[in-house]
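Secondary and tertiary structure notes
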Amino acid sequence: MKKIIKNGKVFDGISNKIKQQDILIIDGVIQNIGNIEITGVDIEIIDASNYIVSPGFIDIHSHLREPGYEYKETIATGTRAASKGGFTTICAMPTTIPALDSKDSIDYFKDLCQQRSIIKVYPIGAVTMGREGKEIVEMQSLVDSGVIGFSDDGEPIQDPNIMRMSLEYSRMVSRPIMNHCDDRGINYRAEGVMNDGFLAQRLGCNGIPNAAEASMLSRDIFLTELTGGLYHACHVSASQSVDVLKIAKERGINYSAEVTPHHLTITEDFILGPTDQNRKQISENAYDTFAKVFPPLRTKSDIQALIEGINSDLISIIATDHAPQGYEDKMTTLNQAAFGISNFETTLGSVLQLFHSKDIKLEKLLQCLTSNPAEFLGKKLGKLSKGYPADIVIFDLNEEWEVDISDFVSLGKNSPLQGVKFKGKVLQTLVDGEIVYSDKKGHDG
Amino acid sequence: MILDNKLNNLLDIDQLTKNDILYIFEFAEKLSSILNGPVKKVPVLRGKTIINYFSEPSTRTRVSFENAGKILSADVINVSSSGSSDEKGESFINAVQTLESIGADILIIRHSDSGAPYFVSRNIQIPVINAGDGSHAHPTQTLIDLYTVYKSIGEIEGLNLTILGDNIHSRVSRSAVLGFSTLGAKVTFCSPTTMNANFLSDNISKEDIDNYPAVIYTSNLKDALSESDLIMTLRTQFERKASLVFPNINEYTRLFKLSNESLKYAPDKAKILHPGPMNLGVEIDGYLSESERSLINQQVMNSVAIRMALLIILIGEHTLDSI
């Protein structure tokens with residue numbers, strides 16, 4: 001089975017320069033890349049003229065909700081939504097029932113993925129049993145079962161000794177601890193619902209201060225220095241956190257960090273509603289639960305710091321934190337509503353805003369979505385080179401479209417971006433050389 | 001005289017201009033004659049159904065709305081979350097949509113979550129009045145307070161209002177700032193720093209200065225009272241004790257209680273307001289609430305007239321001229 005992708009503007013994840021090239025795929029593996037003359041008739045040609053051809057996107061932080069919360073998302077719908085967003089590999093958080101905290105639950109999850117997923121899925125194991133923050137899981141068994149890291153996800157590790165011990169242990173199992181930094185003591189005993197500051201006060205809402213994130217991140221960074229453990233900071237959102245990472249880098253502390261598309265592009269003003277974001281007169285559309293996400297949407301100055309964090313390599317990974325929720329999870333008051341944004345299908349459009357606004361170079365954005373997360377996973381992924389699997393996304397950098405949540409493939413329709421206009425759209429996604437998603441308008445191929 | 005903007009609901013004071021507020025006062029003034037007359041019943045809202053949906057305990061606000069509706073001959077139904085289908089796990093939105101389908105013409109909502117009336121308002125067709133949402137807003141209370149001051153002092157422009165106490169958890173103070181500022185009063189907050197909604201003063205960004213009235217904050221009671229025309233004491237919210245907002249009652253009362261002694265810091269003409277319910281001996285000494293300086297009883301009396309006016313404006317056929 002042969003395929004050739006012709007005339008695309010190729011980002012290969014190695015040279016980090018985009019240039020026109022052809023890619024020859026045989027039996028799902030990249031055989032050759034360059035200017036290739038086609039010979040023979042049994043070859044499928046995909047014309048990618050004028051389009052970007054990139055390694056498929058790799059998401060190291062998402063939620064598939066299965067098993068346990070199939071009304072929010074399933075492996076089938078989640079992986080299809082991801083493929084529509086250009087993702088060919090995703091990592092699923094252990095926020096399932098049962099939590100992914102044992103060899104059995106991980107084997108079961110992998111079986112389900114085998115049957116139902118259309119892209120590559122790697123599980124993330126819990127750090128502690130039941131994600132309760134008390135007893136560390138059998139980390140080596142979980143690594144042997146295939147987890148790529150450990151996280152208690154929405155339950156940040158509050159106990160510093162648990163964090164210290166798991167970091168110590170991570171050296172032995174060679175997979176990182178991925179912590180969601182939020183000091184519950186600072187965050188109103190976890191009752192905060194949005195960013196702390198003027199707007200939260202104006203709306204009478206409990207705020208989640210930047211300090212709740214940055215203080216725990218500081219603790220983790222210095223524990224990483226102390227232990228020599230493997231540490232990954234999930235979805236940093238606060239400008240102070242970027243400052244902490246800067247100190248970590250200056251001290252030569254080994255860490256990795258991710259940021260989400262929403263923290264990079266939209267502010268807390270989305271709590272005021274999708275359109276009429278007037279701080280002076282609060283409209284009926286305010287207290288929009290679709291903009292409730294954890295960590296919360298922050299401010300323009302935080303966004304600026306996060307962009308600088310990417311441009312100075314303090315943050316090297318863009319991860320979606322795709323968090324699909326059911327209708328009833330969001331159809332309530334801001335206090336009662338679940339956190340989370342359904343993100344797979346808007347990620348490319350969101351982050352390309354930063355390219356179009358000249359805040360971040362295209363090559364840098366693509367590194368953060370492909371080769372950098374591949375390096376984090378330690379897998380032969382995320383590059384277009386001979387011998388690599390043909391996990392590829394083809395996208396149009398300039399096609400304009402408008403977000404309509406009712407078009408989402410994901411069961412989670414919870415996006416604050418309803419009606420937002422984007423420039424840049426996924427046209428085709430290939431996993432191991434097979435087309436798993438094709439834009440309905442289609443193109444040659 | 002007409003409203004500047006048609007009012008479809010009342011969620012907070014920021015929907016109202018100065019002119020709108022004065023219009024509501026004039027309406028209330030006309031209605032006061034009914035309240036003071038021999039037969040306290042007029043058929044102005046006959047055939048209309050008002051539902052009070054209160055998911056938090058309330059006596060004065062609920063009874064005042066109920067009485068306002070009954071005087072106007074509306075049918076008033078009270079729903080509280082205890083004893084309702086809330087206890088069977090029915091979702092909040094289903095509950096209010098059911099009340100709309102049953103035939104309510106207006107919903108009066110009290111809820112412990114900030115923003116709950118906004119959420120309801122965008123999901124049902126009938127008008128909604130916010131009767132207090134979490135720590136966010138209590139617009140009818142503010143209209144009552146403004147009306148009380150307007151009736152007893154007159155012009156509000158240029159008055160100094162001092163709000164004493166826990167403003168960070170207070171929906172009354174949030175709406176009061178908007179309302180009193182709209183009518184030209186200057187607002188000073190006085191509380192322990194732990195009870196101060198700090199956006200109101202030093203922590204506000206340049207961009208937001210235009211988005212909010214200028215207010216002064218101090219934790220010195222003497223400074224706060226020295227130029228007061230109006231002193232509003234807020235209820236100390238003991239149910240929020242877990243927030244550790246002050247070390248103990250003794251220290252709080254010593255520094256912040258309004259008493260005969262601390263009242264000496266204020267000009268003699270200064271009047272006292274309290275949105276109730278009061279913790280006598282904590283934020284205010286009991287005898288002060290009964291003194292000639294207190295407007296607290298007028299606040300309660302005026303509440304019915306203001307709420308009658310709002311009900312007619314939102315669901316009635318009458319205008320100011322035809323009432």
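Calculation criteria
Within every chain, residues take consecutive numbers counted from 1 along the sequence as written. As a convention, the first chain written is A and the first ligand written is 1, with the rest following in written order. Thresholds applied to this predicted model are a pLDDT of at least 70 for local features of residues and 80 or more for the giving and counting of side-chain atom pairs; totals over whole chains, interfaces and linings are not thresholded and use all residues. Helix and strand assignments come from DSSP, with helices taken as H or I runs of at least 4 residues and strands as E runs of at least 2, each series counted from the N terminus. We take the radius of gyration over the C-alpha atoms and set the globule estimate at 2.2 Å times the residue count to the 0.38 power. Think of it as a crowd count around each C-beta: if 20 or more other C-beta atoms lie within 10 Å the residue is buried, if 12 or fewer it is exposed, and in between it is partly exposed, with C-beta placed from the backbone throughout. The contact criterion used here is simple: two residues whose C-beta atoms, placed from the backbone, lie within 7 Å are in contact. Either an automatic procedure or a domain database provided the assignment from which the domain bounds are taken. For this classification, Asp, Glu, Lys and Arg are treated as charged, while Ala, Val, Leu, Ile, Met, Phe, Trp, Tyr, Cys and Pro are nonpolar and the rest, including Gly, are polar. DSSP calls a pair of strands paired once it identifies at least 2 bridges connecting them. Helix axes are fitted only over the stretch in contact, all axes being lines through C-alpha atoms; the angle between N-to-C directions runs from 0 to 180 degrees. By convention the nonpolar core is taken to be a set of buried residues drawn from Ala, Val, Leu, Ile, Met, Phe, Trp, Tyr and Cys and joined through C-beta atoms within 7 Å. Angles are sorted into four bins: roughly parallel if under 35 degrees, roughly antiparallel if over 145, roughly perpendicular if 65 to 115, and oblique for all others. Less than a right angle of anticlockwise turn of the near helix away from the far helix marks a crossing as left-handed, whereas a clockwise turn marks it as right-handed. To estimate the expected span of a helix, count its residues, drop one, and scale the result by 1.5 Å. Bending is quantified residue by residue as the angle between axes fitted to the seven-residue window ending at that residue and the seven-residue window starting at it.

1. As for the overall build of chain A
- Assigned secondary structure in chain A consists of 13 helices and 17 strands.
- In terms of overall dimensions, chain A is globule-like: its C-alpha atoms have a radius of gyration of 21 Å, near the 22 Å expected for 445 residues.
- Counting only C-alpha atoms and orienting by the principal axes, one finds that chain A spans roughly 65 × 55 × 45 Å.
- Going through the 445 residues of chain A one by one, you find that 58% of them count as buried.
- Sequence-distant contacts, at least 24 apart, represent 75% of the contacts inside chain A between residues at least 6 apart.

2. Brief notes about the domain arrangement of chain B
All names here are of chain B.
- In terms of domain boundaries, chain B breaks down into domain 1 (13-138 + 300-315) and domain 2 (139-299).
- When each unit is reduced to the centre of its C-alpha atoms, the spacing between domain 1 and domain 2 is 25 Å.
- Listed per partner, the contact involves 26 residues of domain 1 and 24 residues of domain 2.
- Within the residue set of the side of domain 1 that touches domain 2, elements represented by two or more residues are helix H1 (18-36), strand E4 (128-133) and helix H12 (296-315).
- If one sorts the elements of the side of domain 1 that touches domain 2 by residue count, H12 sits on top with 7 residues.
- When its residues are assigned to classes, the side of domain 1 that touches domain 2 shows 13 nonpolar, 8 polar and 5 charged.

3. Considering the sheet that holds strand E8 (residues 120-123) of chain A
Residues and elements named next belong to chain A.
- The 3 strands lie next to each other as E6-E7-E8, forming an open sheet whose pairing is parallel. Only two strands of the sheet have a single neighbouring strand rather than two, namely strand E6 (57-62) and E8. Pairs of neighbouring strands in the sheet enclose a mean axial angle of 20°, with direction left out of account.

4. A word on the pairing of strand E16 (residues 421-431) of chain A
Residue and element names in this part refer to chain A.
- Note that strand E15 (residues 392-402) and E16 share 8 bridges and pair antiparallel. Bridge pairing in E16 links Val-393 to Thr-429.
- As consecutive antiparallel partners, E16 and strand E17 (residues 434-438) are separated by 2 residues, and within that stretch Asp-432 has a phi angle of approximately 50°, a positive value.

5. Structural notes on the interface of chain B and chain A
- With 28 residues of chain B at the interface, the matching set in chain A holds 22 residues.
- Put simply, the parts of the chain that give the side of chain B that touches chain A at least two residues each are helix H3 (92-102), helix H4 (116-121) and helix H6 (171-182) of chain B.
- The greatest single-element share of the side of chain B that touches chain A, amounting to 4 residues, is contributed by H4(B).
- Tallied by class, the residues present in the side of chain B that touches chain A amount to 11 nonpolar, 10 polar and 7 charged.

6. Quick word on the sheet that holds E4(B)
Residue and element names in this part refer to chain B.
- Pairing within the open sheet is parallel, and its 4 strands lie in the order E2-E1-E3-E4. The open sheet has two edge strands with one neighbour each: strand E2 (75-80) and E4. Adjacent strand axes in the sheet meet at a mean angle of 15° when their direction is disregarded.
- The pairing of strand E1 (residues 49-54) with E2 spans 6 bridges and is parallel. Looking at E2, one finds that Thr-49 is bridged to Asp-75.

7. Examining the nonpolar core
- Ranked by size, the top nonpolar core spans 115 residues in total, and within it B:Ile24, B:Leu107, B:Met308, B:Ala309 and B:Leu311 carry the most contacts.
- It is H12(B) that provides the largest number of residues to this core, a total of 11 residues.
- Two domains share this core, each providing at least three of its residues, namely domain 1 (13-138 + 300-315) and domain 2 (139-299) of chain B.
- Those residues in contact with B:Leu107 that sit more than four places away from it in its chain are B:Ile51, B:Tyr53, B:Val96, B:Leu99, B:Val120, B:Ile126 and B:Val128.
- The next biggest cluster of nonpolar side chains, apart from the first, holds 105 residues, and it includes A:Ala82, A:Val127, A:Val147 and A:Val244.

8. Notes on the pairing of strand E2 (residues 19-26) of chain A
Residues and elements named next belong to chain A.
- Of the pairings in the sheet, the one linking strand E1 (residues 2-10) to E2 comprises 7 bridges and is antiparallel in character. Note on E2: the bridge partner recorded for Lys-9 is Gln-20.
- Summarising the sheet, E2 and strand E3 (residues 29-34) pair through 5 bridges and their orientation is antiparallel. Among the inter-strand pairings, Ile-25 is bridged to a residue of E3, identified as Ile-30.
- Between E2 and the antiparallel strand that follows it, E3, lie 2 residues; Asp-27 among them carries a positive phi value of about 50°.

9. Describing the packing of H1(B) against helix H5 (residues 139-152) of chain B
Residue and element names in this part refer to chain B.
- For the pair H1 and H5, interaxial distance at closest approach is 11 Å and the crossing angle is 70°. The angle between the axes of H1 and H5 places the two elements in the roughly perpendicular class. Contact residues: H1 offers Ile-21, Ile-24, Phe-25 and Ala-28, while H5 offers Leu-143, Leu-146, Tyr-147 and Tyr-150.
- Grouping the amino acids of the contact of H1 with H5 by side-chain chemistry returns 8 nonpolar, no polar and no charged.

10. Some remarks on the packing of H5(B) against H12(B)
Residue and element names in this part refer to chain B.
- With their axes 8 Å apart at the nearest point, H5 and H12 run at an angle of 115° to one another. As H5 packs across H12, the resulting crossing turns out to be right-handed. Residues Thr-140, Leu-143, Ile-144, Asp-145, Tyr-147, Thr-148 and Ser-152 of H5 touch H12, and the partners they reach there are Gln-298, Gln-299, Asn-302, Ser-303, Ile-306, Arg-307 and Leu-310.
- Its residues placed into classes, the contact of H5 with H12 shows 5 nonpolar, 7 polar and 2 charged.

11. Quick look at H12(B)
Residue and element names in this part refer to chain B.
- The terminal C-alpha atoms of H12 lie 29 Å apart, and with 20 residues this matches the ideal 28 Å at 1.5 Å per residue to within 8%.
- Its axis deflected by about 30° at Asn-302, H12 carries its strongest bend there.
- A large share of H12 lies buried, amounting to 15 of its 20 residues.

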